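Residue-level structure breakdown
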Amino acid sequence: MTDPSRFFCAEAARSRGDALAGTAPYGSVWILIEHRGGWPANGFDGLDLEPGVKARVYAAAAALRARMLLIRRHGRRTSTSPPRWAVLRQDGAGDHRQRWGTWQRDEDLEGIIDALDAPGEAGRPPVVLVCAHGMHDVCCAVRGRPVGRALSERWPELVWECSHVGGDRFAANVVVAPDGVYYGNLDGPAAVTAVGEHLADRIHADHLRGYTDLGPPQQAALAAVLRHAGPAGRYDYAIEETVREHDHDHDRWRIRVTGRLTGLSTFEVELRSRRAPPRRLTCSGPHAATSVSYEVTALRVG
């Protein structure tokens with residue numbers, strides 16, 4: 001039970017009706033490092049690793065704009081096997097690669113650097129990541145851990161709890177990688193449904209934050225198409241054209257979303273941005289910040 005006198009960013013965001021669509025951060029490469037101890041608030045940056053190793057891994061990740069996440073199994077299950085690391089990569093439509101290794105000494109993590117230059121293995125099932133980083137934001141723990149439990153009971157080999165993925169106020173957040181799909185505002189039953197549909201290649205607009213290879217307005221446009229036309233596979237639609245205009249205090253976009261499969265239509269989606277007044281967007285951040293959402297003003301089959 002939450003403390004009614006305490007501020008919780010996820011409860012505040014739901015009360016305001018903060019829009020999910022268009023909030024997934026960019027990413028096509030993920031580095032996962034299993035760390036079974038406590039996670040520092042700043043994740044990998046806060047780990048007590050050999051400084052040279054840490055700097056070299058960080059530099060290699062930064063060169064590819066890779067997202068670095070700490071992972072662990074739900075419940076911090078004991079294990080006699082060494083902790084693992086992984087490099088997950090999305091290269092083009094549907095070309096997903098993974099490379100996994102283990103580490104016992106800090107120096108073993110330098111295998112990540114070589115993996116970033118290697119193509120990796122295709123055909124592996126995706127990894128389901130649940131943000132449960134309580135040291136970063138309390139809502140990620142309060143809402144993320146029950147979702148981690150529900151998903152782990154259903155898909156124990158696919159699911160990991162992970163450190164901060166962005167968008168604390170949308171907790172519980174789930175990322176499917178290297179598919180590059182963000183889901184938010186989840187509870188246990190909704191998460192099981194969303195991930196089950198995702199693994200069947202039926203992505204729904206409900207709970208969808210966006211695809212990480214698209215820009216925010218493109219994510220919002222595609223979510224609008226899925227809401228209008230129904231669920232579709234991860235690569236069933238493509239963004240064919242994006243036109244941006246500035247209109248007084250708003251940016252406007254005209255985005256053409258084209259179906260790649262027979263029977264899927266082409267859609268012309270018009271959106272405009274809205275910047276919210278400064279608000280407190282995280283539990284741990286006391287200062288107010290603004291956020292941008294995208295309002296669909298027209299959707300036409302074309």
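That block above? That's the structure.
Here, residues in each chain are numbered from 1, in the same order as that chain's written sequence. In view of the model being predicted, local features appear only for residues whose pLDDT reaches at least 70, and side-chain atom pairs are presented and counted only at 80 or more, with totals across whole chains, interfaces and linings using the full set of residues. To obtain the side-chain values, all non-hydrogen atoms of the structure were used and water was disregarded.

Glancing now at the pattern of salt bridges. For salt bridges, the criterion is a side-chain nitrogen of Lys or Arg within 4 Å of an Asp or Glu carboxyl oxygen. Within this structure, the stated rule accounts for 22 salt bridges. Arg 73 is the salt-bridge partner of Glu 157, the closest N and O atoms lying 3.9 Å from each other. Here Glu 157, found in the loop between helix H4 (138-154) and strand S6 (159-162), pairs with Arg 73, found in the loop between strand S2 (67-72) and strand S3 (84-90); they are 84 residues apart in sequence, far enough to count as distant. A residue is classified by how much of its surface remains accessible, and Arg 73, at 13% relative accessible area, is buried. Glu 121 serves as the salt-bridge partner of Arg 124, at 3.7 Å between the closest nitrogen and oxygen. Salt bridges sharing partners connect three or more residues here, namely Glu 240, Glu 241, Arg 256 and Glu 268. Only runs of H or I of at least four residues qualify as helices and only runs of E of at least two qualify as strands under DSSP, and these elements are numbered from the N terminus. Residue burial is assigned from relative accessible area. The probe radius is 1.4 Å, only protein chains are included, and a residue is buried under 20% of its type maximum, exposed over 50%, and partly exposed in between.

Whether two strands pair comes down to DSSP finding at least two bridges between them. One open sheet holds the 4 strands; their spatial order is S10-S11-S12-S13, and the pairing between them is antiparallel. Both edges of this open sheet fall to strand S10 (237-247) and strand S13 (292-301), since each of them pairs with a single strand only. For this sheet, the mean inter-axis angle between neighbouring strands, taken without regard to orientation, is 20°. Where strand S11 (residues 250-259) meets strand S12 (residues 266-275), 7 bridges bridge the pair, whose relative direction is antiparallel. If you follow Trp 253 over to S12, its bridge partner there is Leu 271. For helices, the axis comes from a line fit to the C-alpha atoms of the stretch in contact; other axes are also lines fit to C-alpha atoms, and the angle between any two N-to-C directions lies between 0 and 180 degrees.

On to the packing of aromatic side chains, then. Note on ring pairs: Phe, Tyr and Trp rings are taken, using the six-membered ring of Trp, and paired if centres are within 6.5 Å. Classes follow the plane angle, with under 30 degrees stacked, over 60 edge-to-face and the rest tilted. Scanning all chains against the criterion turns up 3 aromatic pairs. Here Trp 253 and Tyr 294 contribute two aromatic rings whose centre-to-centre distance is 5.6 Å and whose plane-to-plane angle is 70°, an arrangement assigned as edge-to-face. With Trp 253 in strand S11 and Tyr 294 in strand S13, this pair connects stretches of sequence that are 41 residues apart. Exposure class is identical for Trp 253 and Tyr 294. Each is buried. Lysine and arginine charges are scored as sitting over a ring when NZ or CZ, respectively, is within 6 Å of the ring centre and within 35 degrees of the ring normal. Looking at Arg 234, its charged tip hangs above the ring of Tyr 211, at a distance of 4.0 Å from the centre.

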